[in-house]
Amino acid sequence: MPVLLTVLAAIAAATVLLATGLGLVSVPPGTTARILLSRLPLLDGAVTADWEVLEENIVLGLRLPRVCLGLVVGASLSVCGITMQALMRNDLADPFLLGVSNGAAAFATLGMLFGAFSFLGTYSVAISAFLGAAVTILFVYAISRVRGRLHITQLLLSGVAVSMMMDGVTNIITLSAPNALGLHNAEFWMAGSLAGARWAYLTLPLAVLLICMAVLMAHWRGLNLLLLGEESAGALGVDVRRLQKLLVLLASLMAGVTISVSGSIGFVGLMVPHFTRRMVGGDHRKLLPAAALLGGILLVWADVAARMVIAPEELPVGILTAVTGGPVFLWMLKKSDRERR
């Protein structure tokens, strides 16, 4: 397992180096590496600045924050997917199962089209999306409590119902759009994109990812036992109710923060856990870190493809992951079915 994590970490580092240089204006990997090394405190002045100012601006101001955001978003979606699958004891659960993305979309479009959250300033879209996700999950959680306990089936059904309600609200907002440009921007955001990446957007998602990962790794045994069923997990010493509430909180927090900076990027949180289980098995102590690295790597390269496939125009990466992820996931299902026979 340490070998696999080391390999994935090395691939992630190579991904940062290569993906940062790729785009409409390409920067050679060697130049990219020297620009990045020149920013390290210990190497300040040791690297000869033989690159153009334009190349440095592209690497540090445009591409690198986007690549780093892709790593964080991909890792968060993958870890969130694993969390939801453990909570629901269902491999088909994904980060957006509880209606979080639809709630975020409703609030974000309301802000983008009608300026309802303009008082929040520069980051009004991100903050409004997070508020929408938070309101949605609190509503779903309140509905799902039965006699003071969290009822998993009711949680799932409530999430589906609230998701449809929020989707209807979003449709009403978009149909009432006052201008075509605002509608285009809203549709582009809802499709999922890393195009608006800024360094300031990285702080909160990274902090949330690290905190949630630390908590989940501390409860890896409980996650493993939860897959056996609530009664079995309880008999083996797991406080099932407490763990379920914790997983709902962590999954909602990761999904809400991720959506607030990238929009809804589908299939990553569903596919990556399946890919990773085939590599390392179902032990969450191995599954969580491996999925985080693999999810980040895959999303960065999906974003590179989205930037270059119809250059100079750009596809929302959420569209690309949906179009390519669907067939890949169906192939995985059929292959698993054949292996079981």
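Residues numbered from 1 in each chain as written. Predicted model: local features only at pLDDT ≥ 70, side-chain atom pairs only at ≥ 80, totals over all residues. Heavy atoms only, no water.

Draft legend 1. Up close: the packing of aromatic side chains. Applying the stated criterion across every chain yields a total of one aromatic pair. With centroids separated by 5.9 Å and ring planes inclined at 20 degrees, the aromatic side chains of Phe 107 and Phe 117 adopt a geometry described as stacked. You can see Phe 107 sitting in helix α4 (residues 100-114) and its partner Phe 117 sitting in the loop between α4 and α5 (124-144), a full ten residues away along the chain. You can call Phe 107 partly exposed: its relative accessible area is 23%. Take Phe 117: its relative accessible area is 13%, and that puts it in the buried class. Arg 285 extends its terminal NZ or CZ atom over the ring of Trp 220, reaching a point 4.3 Å from the ring centre. (Phe/Tyr/Trp six-rings, centres within 6.5 Å; stacked < 30°, edge-to-face > 60°. Helix = DSSP H or I, 4+ residues; strand = E, 2+ residues; numbered from the N terminus. Buried < 20%, exposed > 50% of the residue type's maximum accessible area, 1.4 Å probe, protein only. Lys NZ or Arg CZ within 6 Å of the ring centre and 35° of its normal.)

Draft legend 2. Structural detail: the packing of α5 against helix α11 (residues 240-262). Where α5 meets α11, the closest approach of the two axes is 8 Å, and the angle between their N-to-C directions is 155 degrees. Viewed along their axes, α5 and α11 adopt a mutual orientation that is roughly antiparallel. Crossing of α5 over α11 shows right-handed handedness. Facing Ala 126, Ala 129, Phe 130, Ala 133, Ile 137 and Tyr 141 of α5, the residues of α11 in contact are Lys 245, Val 248, Ser 252, Leu 253, Gly 256, Val 257 and Ser 260. Considered class by class, the residues forming the contact of α5 with α11 number nine nonpolar, three polar and one charged. (Axes fitted to C-alpha atoms, helices over the stretch in contact; angles between N-to-C directions. Parallel < 35°, antiparallel > 145°, perpendicular 65-115°, else oblique. Left-handed = near helix turned anticlockwise from the far one by under 90°. Contact = heavy atoms within 4.5 Å. Nonpolar A, V, L, I, M, F, W, Y, C, P; charged D, E, K, R; others polar.)

Draft legend 3. Molecular detail of the packing of helix α1 (residues 2-21) against helix α13 (residues 284-308). Look at α1 against α13: their axes get within 10 Å of each other, and the N-to-C directions meet at 25 degrees. Comparing the axis directions of α1 and α13 gives the class roughly parallel. Note that α1 runs across α13; the crossing there is left-handed. Each of Leu 5, Leu 8, Ala 9, Ile 11, Ala 12, Thr 15, Leu 18 and Ala 19 in α1 lies in contact with α13, whose residues at this interface are Pro 289, Ala 290, Leu 293, Leu 294, Ile 297, Val 300, Trp 301, Val 304 and Arg 307. Grouping the amino acids of the contact of α1 with α13 by side-chain chemistry returns 15 nonpolar, one polar and one charged.

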